[in-house]
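# Structural features, examined
Here are the chains, one letter per residue:
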Amino acid sequence: MSTESLRIVWIYPDLLSTYGDRGNALILARRARQRGFPVEVLEVRSDQRLPSTADIYLIGGGEDGPQALGAQRLLADGGLHRAVAQGSVVFGVCAGYQLLGTSFFAKGTRCAGLELLDFSSDRGPTRAVGELAGEIDPRLGVPALTGFENHGGRTHLGPGVSPLARVTAGVGNDGATEGAWRGKLLGTYSHGPALARNPALADLLLRWATGAHQLPPLDDTWPDRLRAERRAAVAAARA
Ligand code: GLN
């Protein structure tokens, strides 16, 4: 942690917040406070400079126009690159995931990404809409991913990143893998408040940010019930 409190920055809520992405900041803040970490949450709009000293940066989903604008502003700002060079954690969702790569498509045009992770995105034959589930990379020690996806892009991973998960339902990157991670940067197509539905993923980000090897367990009865319910629904739909 860079200061006495854990600093979480929610990047550009005015552009990239299509699916209740604020939920990820709320979940991280709550789970950190429950473990005794003081937390500061900063919402940085696209007309403001991005501080480069925060511990965790969150980038949400968005439609093509705001996604392209968000990427341009982040490139011009440079704050996120400085933060990553200093070891900050980044969590990107859908549009916010795609723009971490080398390039992505928006409104029929190839747009420059931030080149923080080794992948690029193009357009798929259809829009991927529906339940998304996958077995997460065992090195991350996180149980199966569950979520919802709604995107036109497909993401192609290069050798410099690992897939976050192997897809068991839905499309994710390309129908086989879902999301990507390297170091303390992680992206997923699991939409909006993905961390509400995947609390162990929230705790992974908190462990990366605080350097804690383990965090005291919390009562996750409700998210566990929701996860079980959605997994059963996906299994029933396939049967
Ligand atoms: N505009 C991007 C796409 O359709 C991202 C969409 C999103 O964030 N849901 O692929």
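Read on for a plain summary of the structure. (Residues numbered from 1 in each chain as written. Predicted model: local features only at pLDDT ≥ 70, side-chain atom pairs only at ≥ 80, totals over all residues. Heavy atoms only, no water.)

The full count for this structure, using the stated rule, is zero disulfides. This cysteine, cysteine 111, is not joined by any disulfide, and cysteine 94 carries the nearest cysteine sulfur, 14 Å off. Residue cysteine 111 is classed as buried on the basis of its relative accessible area of 15%. (Disulfide = S-S within 2.5 Å. Buried < 20%, exposed > 50% of the residue type's maximum accessible area, 1.4 Å probe, protein only.)

Below, the discussion takes up the pattern of salt bridges. Summed over the entire model, instances satisfying the criterion amount to ten salt bridges. The partner of arginine 22 in a salt bridge is glutamate 43, and the shortest N-O contact between them spans 2.6 Å. In this pair, arginine 22 is assigned in helix α1 (residues 22–34) and glutamate 43 in strand β2 (residues 39–44), connecting sequence segments 21 residues apart. Residue classification places arginine 22 among the partly exposed positions, given a relative accessible area of 41%. In this structure glutamate 43 comes out as partly exposed when scored by relative accessible area, which is 38%. Salt-bridge contacts for arginine 31 lead to aspartate 220; the nearest nitrogen and oxygen are separated by 2.9 Å. (Salt bridge = Lys/Arg side-chain N within 4 Å of Asp/Glu carboxyl O. Helix = DSSP H or I, 4+ residues; strand = E, 2+ residues; numbered from the N terminus.)

To continue, consider the environment of glycine 130. Along the chain, the position of glycine 130 falls in strand β7 (residues 119–136). The spatial distance from the C-alpha of glycine 130 to the C-alpha of valine 234 is 9.8 Å, given a sequence separation of 104 residues. Excluding residues within four positions of it along the chain, glycine 130 makes contact with Gly147, Phe148 and Glu149. (Contact = heavy atoms within 4.5 Å.)

Surveying the vicinity of the ligand reveals 15 residues, the closest of which are Asp64, Cys94, Asn150, Gly152 and Gly153. Within the side chain of aspartate 64, an N or O atom sits 2.6 Å from a nitrogen atom of the ligand. One of the side-chain N or O atoms of arginine 127 is found 3.5 Å from an oxygen atom in the ligand. Those elements giving two or more residues to the shell around the ligand turn out to be α2 (64–77), α4 (95–98), β7 and β8 (145–157). When residues in the shell around the ligand are grouped by element, the largest group, four residues, is from β8. Of the residues belonging to the shell around the ligand, the class tally is three nonpolar, nine polar and three charged. (Near = heavy atom within 4 Å. Polar contact = N/O pair within 3.5 Å; in protein donor to acceptor, adjacent residues only side chain to side chain. Nonpolar A, V, L, I, M, F, W, Y, C, P; charged D, E, K, R; others polar.)

Okay, α1 next. Between its first and last C-alpha, α1 extends 18 Å over 13 residues, near the 18 Å set by a 1.5 Å rise per residue. When α1 is considered as a whole, its buried residues turn out to be Gly23, Asn24, Ala25, Leu28, Ala29, Arg31 and Ala32. Here the buried face of α1 lies against β1 (6–11), β2, β3 (56–59), β4 (89–93), α5 (194–197) and α6 (199–210). A positive backbone phi angle near 90 degrees is found at glycine 36, which sits one or two residues after α1. (Expected span 1.5 Å × (residues − 1).)

Before going further, it helps to examine the packing of aromatic side chains. Scanning all chains against the criterion turns up three aromatic pairs. Ring geometry for tyrosine 97 versus tyrosine 189: centroids 5.2 Å apart, planes at 85 degrees, classification edge-to-face. Taken together, the residues span a long stretch of sequence, with tyrosine 97 in helix α4 and tyrosine 189 in the loop between β11 (185–188) and α5 at a distance of 92 residues. Exposure remark for tyrosine 97: the relative accessible area of 0% places this residue in the buried category. Looking at tyrosine 189, the relative accessible area reads 0%, which means it is buried. Sitting over the face of the ring of tryptophan 222, arginine 225 holds its NZ or CZ atom 4.6 Å from the ring centroid. (Phe/Tyr/Trp six-rings, centres within 6.5 Å; stacked < 30°, edge-to-face > 60°. Lys NZ or Arg CZ within 6 Å of the ring centre and 35° of its normal.)

This structure, assessed with the given rule, holds one cavity of 30 Å³ or more. Looking at the largest cavity, its volume works out to about 40 Å³. Contributing elements (two or more residues each) for the lining of the largest cavity: β3 and β4. For the lining of the largest cavity, a count of residues per class yields five nonpolar, two polar and one charged. (1 Å grid on protein atoms, 1.4 Å probe; cavity = no way out; pocket = protein on both sides within 12 Å on 5 of 7 lines; lining within 4 Å. Points joined across faces, edges and corners; volume = space filled by probe spheres on them.)

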